[in-house]
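Below, each chain spelled out in residue letters.
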Amino acid sequence: VILTGKYFYNLHPKILQSNQKMATIAAVIIISVLCIPFADKFFNLLLTEYNVAVNLKTCLIPLGIASILLSVLIGLRAATFASLLVALIAAIKMDNYFVVILGMGISCISAYVVYKSKNYKEYFIRAILSVSIMFIALEFLGQLKFIIQDPDLILLIIGLCFLNGLVTAVIALTVLF
């Protein structure tokens, strides 16, 4: 939190001077962090009911919420930095530091893709596609040794990552509009 304040103080003094923008950033970070335990509980439900592999937990972490919300509301750099903070918190919570790499990749790409949206429909489609495609690509890289051992994981990874993109876009649209 101290590093976040230092970042905004040095690089975004106008954001730091606006209470409304700081409250928006704080609210989005809090919403993003609060979604992590729900994703964890949903994964535990999938684990017990459908015997899903434990290493696929990272597929369901909603790391794109902060970036796709703040890129439209504040700007790209603030969205990327706030998403990195959310990814660090998620990595500590999940005890998996691959989440930080996921968060950096997803926040950079999805914030840029959604930033250019002109209406609700385009925002929703871009949010789903950017988060899903980035999650799929990064999960394939992170789960490569498990995919080689069990090729059936490919469809499961694609499905879970698309579900994550869909839920992230729905949450973002609900909060934003």
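Residues numbered from 1 in each chain as written. Predicted model: local features only at pLDDT ≥ 70, side-chain atom pairs only at ≥ 80, totals over all residues. Heavy atoms only, no water.

A.B. asks: Describe the environment of Leu156, with residues and values.
C.D. replies: Its place among the elements puts Leu156 in helix α9 (residues 153-176). In the structure, Leu156 is positioned 64 residues away from Ile92 in sequence and 25 Å away in space, judged by C-alpha atoms. Apart from residues no more than four positions distant in its own chain, Leu156 is found in contact with Val52 and Leu56. (Helix = DSSP H or I, 4+ residues; strand = E, 2+ residues; numbered from the N terminus. Contact = heavy atoms within 4.5 Å.)

A.B. asks: Explain the side chain of Thr58 to me, using residue names and the numbers behind them.
C.D. replies: In this fold, Thr58 is placed in the loop between α3 (19-50) and α4 (65-73). What Thr58 contacts, discounting residues up to four positions off in sequence, is Asn96, Phe98, Val99, Leu102, Phe135, Glu139 and Gln143.

A.B. asks: Provide a residue-level description of a nonpolar patch on the surface, including the pertinent values.
C.D. replies: Side chains of Phe42, Leu45, Leu163 and Val167 sit close together on the surface and give an oily, nonpolar patch of about 310 Å² of accessible area. Mapped onto the nonpolar patch, the elements with two or more residues apiece are α3 and α9. Tracing the sequence through the fold places Leu45 in helix α3. (Patch = residues over 30% accessible without salt bridge, like charges linked within 9 Å, V, L, I, M, F, W, Y side chains within 5 Å. Areas by Shrake-Rupley, 256 points an atom, 1.4 Å probe, with all protein chains shown as cover. Salt bridge = Lys/Arg side-chain N within 4 Å of Asp/Glu carboxyl O.)

A.B. asks: Talk me through the packing of aromatic side chains; I want residue IDs and the actual numbers.
C.D. replies: All chains considered together, the criterion is met by 3 aromatic pairs. Each ring, one from Tyr7 and one from Phe8, has its centre 5.3 Å from the other, and the planes form 70°; the classification is edge-to-face. The buried category is assigned to Tyr7, whose relative accessible area is 16%. Under the relative-accessibility criterion, Phe8 is labelled buried at 1%. When the centroid spacing of 4.0 Å and the interplanar angle of 10° are considered together, the rings of Tyr7 and Phe81 count as stacked. With Tyr7 in helix α1 (residues 2-11) and Phe81 in helix α5 (residues 76-94), this residue pair connects regions lying 74 residues apart in the sequence. Three or more aromatic residues joined by ring pairs make a cluster, and in this case those are Tyr7, Phe8 and Phe81. (Phe/Tyr/Trp six-rings, centres within 6.5 Å; stacked < 30°, edge-to-face > 60°. Buried < 20%, exposed > 50% of the residue type's maximum accessible area, 1.4 Å probe, protein only.)

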